[in-house]
Amino acid sequence: MTADTFDITFTLNGLRKSIAVRTDAMLAEVLRENLGLLGTKVSCNEGECGACTVLIDGRTANSCIVLALEVDGCAVTTIEGVAVGGVLHPIQESFIEEGAVHCGYCTPGMILSTKALLDHNPDPTTGEVRKALEGNLCRCTGYNRILKAVSRAAEKLRPTPGAGE
Amino acid sequence: MAQFRVAAPRTLDEAFSLLPIQDRDVKLVAGGTDVLIHIRAGKSAPKRLVLLSKISELDDDIRVTDTGIRIGALARLSDVVRHPVVLARFTALAEAAAQIGSEQIRNRGTVCGNVANASPAGDTLPPLYVFDAVVNLIGPNGRRAVPIAAFVQAPGRTDLAAGELIESIVCPFPPDGAGSGYIKLARRAGIDISTVGAAAMVCDADTVRLALGAVGPTPIRPLAAEPLLGAGLRDDEAFDRGITAAAEATTPISDIRASRDYRLAMVQVMAREAIRLSQQRSTSKDRVQA
Ligand SMILES: Cc1cc2nc3c(=O)[nH]c(=O)nc-3n(C[C@H](O)[C@H](O)[C@H](O)COP(=O)(O)OP(=O)(O)OC[C@H]3O[C@@H](n4cnc5c(N)ncnc54)[C@H](O)[C@@H]3O)c2cc1C
Ligand code: FES
Ligand code: FES
C-alpha cells in the first residue's frame, strides 16, 4: 500500500500503458524519464508557467505537480498525441503559420491548453482565449501571435457553413 | 529512496487507519496544488501522503438540494466556476473560484482543499463566509458540522481533529433575489494570490453581508458593520460609516505583497465595490422602488 513503487495503468495518447512508478514521482518526470516523451517540458516546476501542461481526461493539468499515480485509470494526452498519423493537428499548423513559436519551450503547453479550450468551446471570445491560456507563460514571441494562432485554429476547426451536417 | 510515501486508500476506514498520530508526518492530498508545492518549497516535509481521490465514499459532486448546494470533498474549482446553480445563486463563489491560479490549477485544485489550507488569502473563503457555509467533517468517531467561521482558526490552522477530513461543504440558498460578488486585488490578474479580497451579498433593501480576505489571520466578517452597510444602501452617509466600521474590524499586516496601510486603504475600496456589484445583481423589488 505504501511501498516505494506503485503499478499504474492508464491510457497514454490513446494506447494503454502499464508501468511501475515511484510513489513520489510527478507525472512530468515519468513521462520524460520513464516513457521518453520529451515533448512535455518542465520549467518552473511549481505550477506557475504551464510548460508541463498535459490533458488528463480532457482537462489541462500541470504535470509537474500531479503525482504520477493519480493518473491510474485516466486518459492522458501529451503533445506527442496531438498529431495523428504524422499529420499535424490544425492547432499545430496554425501556430506555425502565425509564427507563434520561437524557442518552442512553451509551445506544447500552449497547444494542449488551446486544444482543451477548443474541444469544449469551438468559438471562444478573445477574453475566453486569454483566460484559458493565463496559466501558460511565453518568454519569446509575445502573446499576440499566439492569440492569432488560436483564432486561426478555431476557424480551421469550425465546420464551414453549408458543408457537412 | 522516496522523498515521501504515498497511500491511496479505497475506503474511509482504510484512510482513517492511516491517519495521523502526529499531523506533521501525514498529509491528506486532494488536488495537491498546495501540498505538493509546500513540500517542494520545503515548507513541510510529511513522511506520508494519503490520497483522497480513490476513496469510494468521497465524491466530486456539486449537488443541488432542497435547501442549498453541497460541494463534495473532491469537487474541483473549475466545476464550481461552471456550475449553473452556483453561477446563478452563489455568484461570489463562482467568481472567486474563477480567479484562483490558472485553468490548470483550477482543474486539479478543490474547494475543500482551499478551505482546509486555511490561507488568509484563500479566495473561496470570503464567499463561503458570506453564504454561511457549513463544513461537514467525518472521522473515525463519526460526523460533525462546523460553521465556516469556526472551522478556519488561523493561517494554516483549522478545527480539523487528528484523523478527521472534510466530507463536504454546504451552503444554504441565500434569500430569493439576493445578488453577490467577489472582487480580488492582486498584482497580476490570475495566478497571483490576493492582496485583498472582498465578497458581498445584498438582498432586500437593507441586508448586506460582507467578508474580507487577506486583511487578517483569517477572513473577516465584520458583523458589527453589516447593519450600517444595510442601512447605507439608501443612505450614503450611513454607508460611509459602515465601510469605516468594516475596515476597523480588519487587522492587516505588511508582507511582500503589500503594506498594512495600503491594505487598510484598499479594503475600503474593495468592500464598496463588492457591495455595489452585489446590489446591481440583486433583484429585490424593494431596491428597485427605493
Ligand atoms: C500556481 C498556483 C496558483 C495558485 N493561486 C491561488 C489563488 O489565486 N488563490 C487561492 O486561494 N489559492 C491559490 N493556489 C492554492 C491552491 O491551488 C488552492 O488552495 C486549492 O484550492 C487547493 O486545493 P487542492 O485540492 O489542490 O488542495 P491540496 O493541496 O490537496 O490540499 C490543501 C490542504 O488541505 C488539506 N485537505 C485537502 N482536502 C482535504 C479534505 N477533504 N479534508 C481535510 N483536509 C484536506 C490538505 O491536507 C492540505 O493541507 C495556487 C496554487 C498554485 C500552485
Ligand atoms: S513546469 Fe509545470 S507549471 Fe511550470
Ligand atoms: S516560444 Fe519561447 S517561451 Fe514561448
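Please refer to the structure higher up on the page.
So, here's what we can say about the structure. (Residues numbered from 1 in each chain as written. Chains lettered and ligands numbered in written order. Predicted model: local features only at pLDDT ≥ 70, side-chain atom pairs only at ≥ 80, totals over all residues. Heavy atoms only, no water.)

**Digging into the pattern of salt bridges**
Any two side chains of opposite charge can pair, given that their charged atoms come close.
Here is step 1 of the chain: Evaluated as defined, the whole model comprises 30 salt bridges over all chains.
Here is step 2 of the chain: The residue Lys47(B) makes a salt bridge to Asp25(B) at a minimum N-O spacing of 3.6 Å. One end of the pair, Lys47(B), is in the loop between helix 2 (35–40) and strand 3 (48–51); the other, Asp25(B), is in the loop between helix 1 (12–18) and strand 2 (26–29), with 22 residues separating them in the sequence.
Here is step 3 of the chain: Judged by its relative accessible area of 26%, Asp25(B) falls in the partly exposed class.
Here is step 4 of the chain: Residues Arg272(B) and Asp240(B) are paired through a salt bridge, measuring 3.0 Å at the closest nitrogen-oxygen approach. Here the residue Arg272(B) occupies a position in helix 12 (residues 260–281), and Asp240(B) occupies one in helix 11 (residues 236–248), the gap between them amounting to 32 residues.
Here is step 5 of the chain: Using a relative accessible area of 36% as the deciding quantity, one classes Asp240(B) as partly exposed.
Here is step 6 of the chain: One continuous salt-bridge network, built from bridges that share partners, spans Glu93(A), Glu97(A), Glu98(A), Arg152(A) and Lys156(A). (Salt bridge = Lys/Arg side-chain N within 4 Å of Asp/Glu carboxyl O. Helix = DSSP H or I, 4+ residues; strand = E, 2+ residues; numbered from the N terminus. Buried < 20%, exposed > 50% of the residue type's maximum accessible area, 1.4 Å probe, protein only.)

**Overview of the environment of Cys52(A)**
All names here are of chain A.
Here is step 1 of the chain: Its location among the elements puts Cys52 in the loop between helix 1 (27–34) and strand 3 (53–56).
Here is step 2 of the chain: Take Cys52: its relative accessible area is 3%, and that puts it in the buried class.
Here is step 3 of the chain: C-alpha separation for the pair Cys52 and Gly14, spaced 38 residues apart in sequence, amounts to 19 Å.
Here is step 4 of the chain: Ignoring anything within four residues of it in the chain, the contact list for Cys52 reads Thr40, Lys41, Ala61, Asn62, Ser63 and Cys64. (Contact = heavy atoms within 4.5 Å.)

As far as function goes, none of this settles anything; it's purely spatial.
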